[in-house]
Amino acid sequence: MRRMILLAVATATLTSGASSAAPATMPSRATAAADVDAAPVAAWSTEARRAIVPSGPGGIFGTENYGNKFPGEAAVYMGIVHTAIYDAAVAIEGGGYKQYAIKLTAPPGTSPAAAIATAAHETLVGLQPQLGLTPAQLATLDGDYEAYLGDVSDGEPKVNGIRVGEKVAAALLALRSDDGREKNPTLADLNPPAAGPGVWDPGAALALGLRLPGMRPLALESASQFRPHGPYSLTSDAYAKDFAQVEELGRLDSAARTAAETTDARFWTDHDLRQWNDGMLRLAAARGLDLVNTARMLAMAHVAGGDAMIACFDAKYHYWFWRPYQAIPLADTDGNPNTEADSTWKPLGATPNFPEYPSAHACHSGAVTRALRSFFGTDKVHFSLDSRITGTTRDYNRLSGVVKDVNRARVLVGFHFFSSDQAGAALGRKVANYDLKHAFLR
């Protein structure tokens, strides 16, 4: 049964929406290597997503998911696992690409399925206990792996594939040893400022993302390497303009927000990593990418996305800026004559419990789209993303269109000031530019 679920999810991910995509063109750096089936990458990318992303309240993110990571940490874990998948794919197919954690060439005829599955599985298992899988969830992962390998023909290719996967996973896990995922900092450990106007108040709920500022990045030199300059001054005209926009459009009972804009706002409250990973696998299938190029595209996007989240939460817990749901009712304390307090204001969506600046969703989307643009060599990429929250799909002809939509949607849902979205997207692009230059050379 587990094997059937894994294959069904991977098959649906690869085929959904492919018929509407633009004609397939290989990225400019693709090689003329043999066209090796990318199915193992798709299957184990999906399994990684299932083991990292939660099902969500009432299974809203997908009942097939059995992980527990919110988008900030999920992005880092997806980055780690996808570098393992990438290194195994390069070990088998080469393509002239430099591996991420190990220099390894597989023996001729090595089974790609065995290598990719083992690299992903052993990495996921090795990320315990920080990955947080229960014994039952770990048994699900192990069962999927055993069933998958059971469909690979016995013999030397399979044995070699398992060995390659084990070597890749061991090298990567050694690289990520004591990387900060094991720490459990408190709010007090992150040097919070004194309470007052402009300062985010976590309240009684669990604050998220406390580990991220202290995690070792995947390719950046440090989490603060591209730290943005900070939010607008509370007394500035620019802050008042941002304030007025989210106050009007982001409130739960907004009369200015259209029905279509409400759907747009809720579309992006799905789990980022579920949306992006499924969308990228559809894109890979539509473009006819082979094993190594599918693995490379995913690794580039997820490494950039993971580092963007680390950098983003470094900035969040550096500036501790308040959310609109705090700023608007307390506007009579901000010293700005152009803002007015409204004690009845509530956002359209339930606001994530971490500081406002910069927008994490914008950081992640800015990084992923920049990585995809680098891979394909153009912003003109036809692809789709779906939302299980709204049950709708959005088609794009340009990668930059996603960032524009995300930036506006975070205002419409009442989570962010628009300048925070812009700062997040810019931070994501800077992170991606650095990561791609330093971690994904030929």
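Higher on the page you've got the structure.
The notes below deal with the structure included here. (Residues numbered from 1 in each chain as written. Predicted model: local features only at pLDDT ≥ 70, side-chain atom pairs only at ≥ 80, totals over all residues. Heavy atoms only, no water.)

### Things to note about the overall build of the chain
Selection criterion: Numbering of helices and strands runs from the N terminus; a helix is a DSSP stretch of H or I covering at least four residues, while a strand is a stretch of E covering at least two. When accessible area is computed with a 1.4 Å probe and restricted to protein chains, residues below 20% of their type maximum are described as buried, those above 50% as exposed, and intermediate ones as partly exposed. Residue contacts are counted whenever heavy atoms from the two residues lie within 4.5 Å of one another. Every accessible area reported is derived by Shrake-Rupley at a probe size of 1.4 Å, with residue values counting cover from the shown protein chains alone. Residues counted as positive are Lys and Arg, residues counted as negative are Asp and Glu, and His and the chain ends are not counted. Note that the charge is assigned to NZ on lysines, CZ on arginines, CG on aspartates and CD on glutamates.
Scanning the chain from N- to C-terminus turns up 14 helices and 2 strands. When the backbone C-alpha atoms are referred to their principal axes, the chain occupies close to 75 × 45 × 40 Å. Within the span of the chain, comprising 442 residues, buried residues form 58% of the whole. In the chain, once contacts between residues fewer than 6 apart in sequence are set aside, the share between residues at least 24 apart is 82%. When the accessible surface of the chain is summed, it comes to about 16800 Å², and 54% of that surface belongs to carbon and sulfur atoms. In the chain, 41 side chains carry a positive charge and 45 a negative one; their mean positions are 5 Å apart.

### Topic: unusual backbone geometry
Where the residue is not glycine, phi is negative for most of them; where a peptide bond is considered, it is trans in most cases. A cis geometry characterises the amide bond from Gln128 onward to Pro129, with omega recorded as 0°. In this structure, Pro129 sits in the loop between α4 (112–126) and α5 (135–150). Here Tyr357 and Pro358 are connected by a cis peptide whose omega angle stands at -5°. Summarising the element assignment, Pro358 is placed in the loop between α11 (324–327) and α12 (360–376). Positive phi outside glycine occurs at Asn191, with the angle close to 55°. Tracing the sequence through the fold places Asn191 in the loop between α6 (156–175) and α7 (237–249). Exposure remark for Asn191: the relative accessible area of 64% places this residue in the exposed category. Of note in the backbone geometry, Trp320 takes a positive phi value of approximately 55° without being a glycine. Locating Trp320 in the fold gives a position in the loop between α10 (291–319) and α11.

### Details of the pattern of salt bridges
Quick note on the threshold: By definition here, a salt bridge exists when the distance from a side-chain nitrogen of Lys or Arg to a carboxyl oxygen of Asp or Glu is within 4 Å.
By the definition in use, this model includes 22 salt bridges. Across the salt bridge formed by Arg49 and Asp278, the nearest N and O atoms sit 3.0 Å from each other. Note that Arg49 is positioned in helix α2 (residues 39–52) and Asp278 in helix α9 (residues 272–287), a separation of 229 residues in sequence. For the pair Arg49 and Asp278, a shared accessibility class is recorded, and that class is buried. Ionic pairing is found between Asp253 and Arg251, a salt bridge with its closest N-O pair at 2.6 Å. Among the residues examined, Asp253 registers a relative accessible area of 55% and is labelled exposed. Classification of Arg251 as buried rests on a relative accessible area of 16%. Counted as one network, the salt bridges with shared partners bring together Arg49, Glu64, Asp270, Arg274, Asp278, Arg282, Asp386 and Arg388.

### Here's the deal with the nonpolar core
Our working rule: The term nonpolar core refers to a set of buried residues drawn from Ala, Val, Leu, Ile, Met, Phe, Trp, Tyr and Cys, joined through side-chain atoms within 4.5 Å.
Ranked by size, the top nonpolar core spans 112 residues in total, and within it Trp44, Met297, Phe313, Tyr317, Leu372 and Phe383 carry the most contacts. In terms of residues, this core owes the most to one element, α10, which gives 17 residues. Discounting chain neighbours no more than four positions away, the residues touching Phe383 are Trp276, Leu283, Arg394, Asp395, Tyr396, Arg398, Leu399 and Val402. With 14 residues, the next largest nonpolar core counts Val246, Phe321, Tyr357 and Val411 among its residues.

### Things to note about the pairing of strand β2 (residues 392–396)
Which entries qualify depends on this criterion: Two strands form a pair only when DSSP identifies at least two bridges running between them.
In this sheet, β2 lies alongside strand β1 (residues 383–387) in antiparallel orientation, the contact comprising 5 bridges. Counterpart to Asp386 in the pairing with β2 is Thr393. Connecting β1 to the next strand, β2, in antiparallel fashion are 4 residues, including Gly391 with a positive phi near 70°.

### Re the packing of aromatic side chains
Inclusion rule: Two aromatic rings, drawn from Phe, Tyr or Trp (for Trp, its six-membered ring), form a pair once their centres lie within 6.5 Å of each other, and the interplanar angle then sorts them: stacked below 30 degrees, edge-to-face above 60, tilted otherwise. For a ring to carry a charge above it, either NZ of a lysine or CZ of an arginine must fall within 6 Å of the ring centroid while also lying within 35 degrees of the normal to the ring plane.
Tallied over the entire structure, the rule returns 19 aromatic pairs. Their ring planes at 55° and their centres at 6.1 Å tell us that Tyr239 and Phe243 sit as a pair that is tilted. Placement of the pair is Tyr239 and Phe243 together in helix α7, with a separation of 4 residues, close to one helical turn. Among the aromatic residues, those joined into a ring-pair cluster are Tyr239, Phe243, Phe321 and Phe417. A cation sits over an aromatic face here: Lys316 above Phe313, 5.7 Å from the ring centre. The ring of Phe267 carries Arg394 above its face, with NZ or CZ at 5.7 Å from the centroid.

### Section: the packing of helix α13 (residues 400–412) against helix α14 (residues 418–439)
Formally: Here, axes are lines fitted to C-alpha atoms. For helices the fit covers the stretch in contact, and angles between N-to-C directions go from 0 to 180 degrees. If you view the pair so one helix is near and one far, a crossing is left-handed when the near helix is turned anticlockwise from the far one by less than a right angle, and right-handed when it is turned clockwise. Under this grouping Gly is polar, as are all residues other than the nonpolar Ala, Val, Leu, Ile, Met, Phe, Trp, Tyr, Cys and Pro and the charged Asp, Glu, Lys and Arg.
Taken N-terminus to C-terminus, the directions of α13 and α14 make an angle of 145°; their axes are 8 Å apart at the nearest point. Here α13 and α14 pass one another in a crossing that is right-handed. On the side of α13, the interface is formed by Val403, Asn407, Arg408, Arg410 and Val411, while α14 contributes Phe418, Asp421, Gln422, Ala425 and Arg429. Of the residues assigned to the contact of α13 with α14, the class counts are 4 nonpolar, 2 polar and 4 charged.

### Focus: helix α3 (residues 71–93)
In an α-helix, one turn spans 3.6 residues, which is why side chains three or four residues apart end up on the same side. Heads up, the condition is: In this scheme, a helix's expected span is set at 1.5 Å multiplied by one less than its residue total.
If you check α3, its first and last C-alpha atoms are 31 Å apart, about what 23 residues at 1.5 Å a residue would give, namely 33 Å. In terms of burial, α3 is a largely internal element, 21 of the 23 residues being buried. Looking one or two residues beyond α3, the residue adopting positive phi is Gly94, at roughly 70°.

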